[in-house]
Amino acid sequence: MELTRRNLLAACAGGLALAAGLGLADARRRPAAAAQPRAAHQVPGIYRLSIGDDIEVTALLDGYIDLGTNLFRGAPEEEVRRLQEAAFVPVGPAVRSGVNAFAVNAGGRLALIDAGGRNLLGPTLGRLPGNLKAAGIDPAAVDLVVATHLHPDHVGGLVTGDGAAVFPNAELVVHEADWNFWTNADLMAKANEQGKMFFQAAQAAITPYAKRTRLIGDDEEVMPGLRSIGLPGHTPGHTGFVVHSGPDTLLIWGDIVHSALLQVPHPDWSIAFDIGPDLAVATRRKAFAMAASDRLLVAGMHLPFPGIGRILDEGGVYQYQPEPWRFEP
Ligand SMILES: [Zn+2]
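Predicted, not measured: the structure shown is a model, and the values here were computed from it. Within each chain, residues carry numbers counting from 1 in the order of the written sequence. Local features in this predicted model are restricted to residues whose pLDDT is 70 or higher, and side-chain atom pairs enter the listing and the counts only when it is 80 or higher, whereas totals over whole chains, interfaces and linings include all residues. Calculated side-chain values reflect all of the structure's heavy atoms, with hydrogen atoms and water omitted.

A.B. asks: Hey, could you run me through helix H2 (residues 77-86) in this one?
C.D. replies: Each α-helix winds once per 3.6 residues, and so residues spaced three or four apart point in a common direction. Think of it in three bands: residues with accessible area under 20% of the maximum for their type are buried, residues over 50% are exposed, and the middle band is partly exposed, with areas taken using a 1.4 Å probe on protein chains only. Helix and strand assignments come from DSSP, with helices taken as H or I runs of at least 4 residues and strands as E runs of at least 2, each series counted from the N terminus. Three or more residues of H2 are buried, namely Glu79, Val80, Leu83 and Gln84. Down the axis of H2, the sector holding all buried residues measures 140°, keeping them to one side. Away from its buried face, by an angle of more than 90 degrees, H2 presents the exposed residues Glu77, Glu78 and Ala86. Tucked inside the fold, the buried residues of H2 contact strand S3 (94-106) and helix H8 (260-263). Count one or two residues on from H2 and you reach Phe88, which has phi positive near 60°. In this context, the arc is that of the directions from the helix axis out to the C-beta atoms. Throughout, a residue-residue contact means that at least one pair of heavy atoms, one from each residue, lies within 4.5 Å.

Shown next, in the form of structure tokens:
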């Protein structure tokens, strides 16, 4: 048979007719193999990679959020549509973005960078606890929880609905500028409804860790193998983390990108949640330029799971290239 669209459709229809005509009576006589129920859910969202000989990073999926395309400042509808069509994703008023966290096991210490959103932004998040379990990571064994910033999709998972610490033995590490911003009562009083919810979520997340919190700056060793790098704009203390060992470097860049589909080709499209939109754009441009020129491996909280890949500069237009699946960590 020649490969044409018409022949393909005809083959499918023929298969269905055959099943309808001959299959049913046979199927009833066959054992349960034919009645395998559909799983209707994905396998656990975990992925591992080694950095150097001695550091293991585990990407952990918390779920996804659908972002309205109108949240992206200055994004023309027709260009959004063109990008959606080109990527074979649904054309419409929203783009789907994953929410990831990353565990870093280095030098005998285990750090979890961000903790997902629990149920704060709806039921499509909150898979982190299950995926930690699937990865063999006991929350009690986490030594450090490190926040890229204090937004609800990053720190909602630090606490239970009752306000207890999910990570009972962990020190909380957060940039001092984010801490100062989200604990500022005057700024909270001036915020709109959604802004107030963000302040409340941040404060609820940090409260049970108050006696074991470390505030950091732009360029500090968080633990051996893990350094902070200031990436301000999205929030005042938005921070990336560099994992480095031997010949390998991984930049975990937090929310430099909220939608790879839209913001990689258009770094100037800031998102409505940016507290400093112009600074966020400048920081994204700097991060892209560095990632492209250094051929840096990057990991992002909203890059498509497992959220690890590279930024390419294709004649002045940036492209995201996911890392090929690693058969070995
Ligand atoms: Zn985010």
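A.B. asks: Hey, could you run me through the packing of aromatic side chains in this one?
C.D. replies: By convention here, two paired aromatic rings are described through the distance between centres and the angle between planes. Any pair of Phe, Tyr and Trp rings, taking the six-membered ring for Trp, is counted once the centres come within 6.5 Å. Such a pair is stacked with planes under 30 degrees apart, edge-to-face with planes over 60 apart, and tilted for the rest. According to the stated counting rule, one finds seven aromatic pairs in the structure shown. Relative to Trp182, the ring of Phe181 has its centre 4.9 Å away and its plane inclined at 80°; by these criteria the two rings are edge-to-face. Through successive ring pairs, a cluster of aromatic residues spans Phe181, Trp182 and Phe199.

A.B. asks: Where do I start with unusual backbone geometry in this structure?
C.D. replies: Note the cis peptide between Phe305 and Pro306, where omega equals 5°. Turning to its location among the elements, Pro306 is positioned in the loop between strand S12 (297-299) and strand S13 (308-314). If you check the backbone angles, Phe88 has positive phi at about 60° while not being a glycine. Examined against the element boundaries, Phe88 turns out to sit in the loop between H2 and S3. Positive phi values are uncommon outside glycine, yet Asp114 reaches one of about 70°.

A.B. asks: It is not clear to me how the sheet that holds S3 should be interpreted in this structure. Could you clarify?
C.D. replies: Sheets are built from strands paired through backbone hydrogen bonds, the pairs being either parallel or antiparallel. In short, DSSP must find at least two bridges between two strands for them to pair. What the seven strands build is an open sheet, ordered S1-S2-S3-S4-S5-S6-S7; its pairing is mixed. Each of the sheet's edge strands pairs with one partner strand only, and the pair in question is strand S1 (46-51) and strand S7 (213-216). Ignoring strand direction, the axes of neighbouring strands in this sheet form an average angle of 25°. The pairing of strand S5 (residues 144-146) with strand S6 (residues 171-175) spans three bridges and is classified as parallel. Within the sheet, the bridge partner assigned to Val146 lies in S6 and is Val173. Angles shown run from 0 to 180 degrees and are taken between the N-to-C directions of axes, each axis being a line fitted to C-alpha atoms and, for helices, limited to the stretch in contact.

A.B. asks: Explain empty space enclosed by the protein to me, please; I cannot follow it from the model alone.
C.D. replies: Taking a probe equal in size to a water molecule and rolling it over the atoms shows the remaining empty space. Using protein atoms alone on a 1 Å grid, points that fit a 1.4 Å probe yet trap it form a cavity, whereas open point sets bounded by protein on both sides within 12 Å along at least five of seven lines form a pocket; residues with an atom within 4 Å of a point count as lining. Grid points are joined across faces, edges and corners, and a volume is the space filled by probe spheres set on the points. The tally for this structure, following the rule as stated, stands at one cavity of 30 Å³ or more. Computed from the structure, the largest cavity encloses a volume of approximately 50 Å³. By residue class, the composition of the lining of the largest cavity is four nonpolar, four polar and three charged. Residues are grouped as follows: Ala, Val, Leu, Ile, Met, Phe, Trp, Tyr, Cys and Pro are nonpolar; Asp, Glu, Lys and Arg are charged; all remaining types, including Gly, are polar.

A.B. asks: What exactly am I supposed to notice about the UniProt feature "domain: Metallo-beta-lactamase" (unreviewed entry) in the protein chain here?
C.D. replies: UniProt positions are given in the numbering used here, feature names are shortened, and annotations may be inferred rather than shown by experiment. The UniProt entry lists residues 98-302 under the feature "domain: Metallo-beta-lactamase" (unreviewed entry), expressed in the numbering used here. Each end of residues 98-302 is marked by a C-alpha atom, and these two atoms are 5 Å apart; helix forms 29% of the span and strand 24%.

A.B. asks: I keep staring at the coordination of the zinc ion and nothing clicks. Help me out?
C.D. replies: Each angle at a metal carrying four tetrahedral donors should ideally be 109.5 degrees, and each at a metal carrying six octahedral donors should ideally be 90 or 180 degrees. Listed donor atoms are N, O and S within 2.8 Å of the metal (Na, K and Ca: 3.2 Å). As water is not included, a site may look incomplete. Donor atoms from the polypeptide that coordinate the zinc ion comprise Asp153 (OD), His154 (NE2), Asp255 (OD) and His302 (NE2), at 2.1 to 2.3 Å from the metal. All donors to the zinc ion come from one chain, and their sequence spacing reads D-H-x100-D-x46-H. Of this pair, Asp153 sits in helix H4 (residues 152-155) while His302 sits in the loop between S12 and S13, and the two are 149 residues apart along the sequence. What makes His302 buried here is its relative accessible area of 3%.

A.B. asks: Where do I start with the pattern of salt bridges in this structure?
C.D. replies: Close approach of charged atoms lets side chains of opposite charge pair. Salt bridges are identified by distance alone: a Lys or Arg side-chain nitrogen within 4 Å of an Asp or Glu carboxyl oxygen. Evaluation of the coordinates by the stated rule reveals eight salt bridges. Measuring nitrogen to oxygen at the nearest pair gives 3.3 Å for the salt bridge that ties Arg214 to Glu171. In this pair, Arg214 sits in strand S7 while Glu171 sits in strand S6, placing the two residues 43 residues apart along the sequence. Residue classification places Arg214 among the partly exposed positions, given a relative accessible area of 22%. When the shortest N-O distance is used, the salt bridge between Glu323 and Arg326 registers 2.7 Å. A relative accessible area of 16% places Glu323 in the buried class.

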